[in-house]
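Descriptive analysis of the structure
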Amino acid sequence: MDDLRLSTHHLGDIAVISVGGELDTVTRASLDRCLRAYFRTPGDHVVLDLSGVTFMDSGSLGMITDHHRRAEAAAGRLAFAGASPSRIQVLWLTGLATWLPLYNDVDAAVLAFGG
């Protein structure tokens, strides 16, 4: 099993969380805590870089879509970068790839925020 790797940096006022490894029932709590830490105030913007994710289960997908909804409700935004269909098939199988703000890379997601 791949360990989950998380790293963060900022591009202006946008937090970028880079995720590597597998997102599953064992590892998703770490990402959940990290996302909660970056959505503490209304209007926060976060890009979740999934380019290093090798697997994502449906429970992890549910967790990140919950964060997306909460961010929007608090006038913030959560965008997703680098989520290719070959590695994260669950996004396309569930139809959420058409609903979530997906971008090819972090730069494109930051640009969409106006950054």
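Described in the following lines is the structure provided in the data block. (Residues numbered from 1 in each chain as written. Predicted model: local features only at pLDDT ≥ 70, side-chain atom pairs only at ≥ 80, totals over all residues. Heavy atoms only, no water.)

**Overview of the packing of helix α1 (residues 28-38) against helix α2 (residues 58-73)**
- Running from N to C, α1 and α2 point in directions that differ by 10°, and their axes come no closer than 10 Å. As judged from the angle between their axes, α1 and α2 are roughly parallel. Contacts between α1 and α2 involve R28, L31, D32, L35 and R36 from the first element and G59, S60, M63, I64, H67 and R70 from the second.
- Considered class by class, the residues forming the contact of α1 with α2 number 4 nonpolar, 3 polar and 4 charged. (Axes fitted to C-alpha atoms, helices over the stretch in contact; angles between N-to-C directions. Helix = DSSP H or I, 4+ residues; strand = E, 2+ residues; numbered from the N terminus. Parallel < 35°, antiparallel > 145°, perpendicular 65-115°, else oblique. Contact = heavy atoms within 4.5 Å. Nonpolar A, V, L, I, M, F, W, Y, C, P; charged D, E, K, R; others polar.)

**Description of the pattern of salt bridges**
- Tallied over the full model, the rule gives 3 salt bridges.
- Of the charged contacts in the structure, one is a salt bridge between R28 and D57, with a shortest N-O distance of 2.8 Å. Of this pair, R28 sits in helix α1 while D57 is found in the loop between β3 (45-56) and α2, placing the two residues 29 residues apart along the sequence.
- Salt-bridge contacts for R69 lead to D66; the nearest nitrogen and oxygen are separated by 3.5 Å. Taken together, the residues R69 and D66, both in helix α2 and 3 residues apart, mark about one turn of the helix.
- In this structure R69 comes out as partly exposed when scored by relative accessible area, which is 45%. (Salt bridge = Lys/Arg side-chain N within 4 Å of Asp/Glu carboxyl O. Buried < 20%, exposed > 50% of the residue type's maximum accessible area, 1.4 Å probe, protein only.)

**Considerations on α1**
- Listed as buried for α1 are L31, D32, C34 and L35. Down the axis of α1, the buried set is contained in an arc of 165°. They therefore lie on one face.
- Where α1 is buried, its residues meet β1 (5-11), β2 (14-23), β3, α2 and β4 (77-81). (Arc of directions from axis to C-beta.)

**Some details on α2**
- Across its 16 residues, α2 extends 23 Å between first and last C-alpha, which sits within 8% of the 22 Å expected from 1.5 Å per residue.
- Among all positions of α2, only S60, L61, M63, I64, T65, H67, H68 and A71 are buried.
- Buried residues along α2 sit against β2, α1, β3, β4 and α3 (89-93).
- Of the residues flanking the end of α2, it is A75, one or two places downstream, whose phi is positive at about 60°. (Expected span 1.5 Å × (residues − 1).)

**Things to note about unusual backbone geometry**
- Despite not being glycine, A75 shows a phi value in the positive range, around 60°.
- Residue classification places A75 among the exposed residues on the basis of a relative accessible area of 58%.

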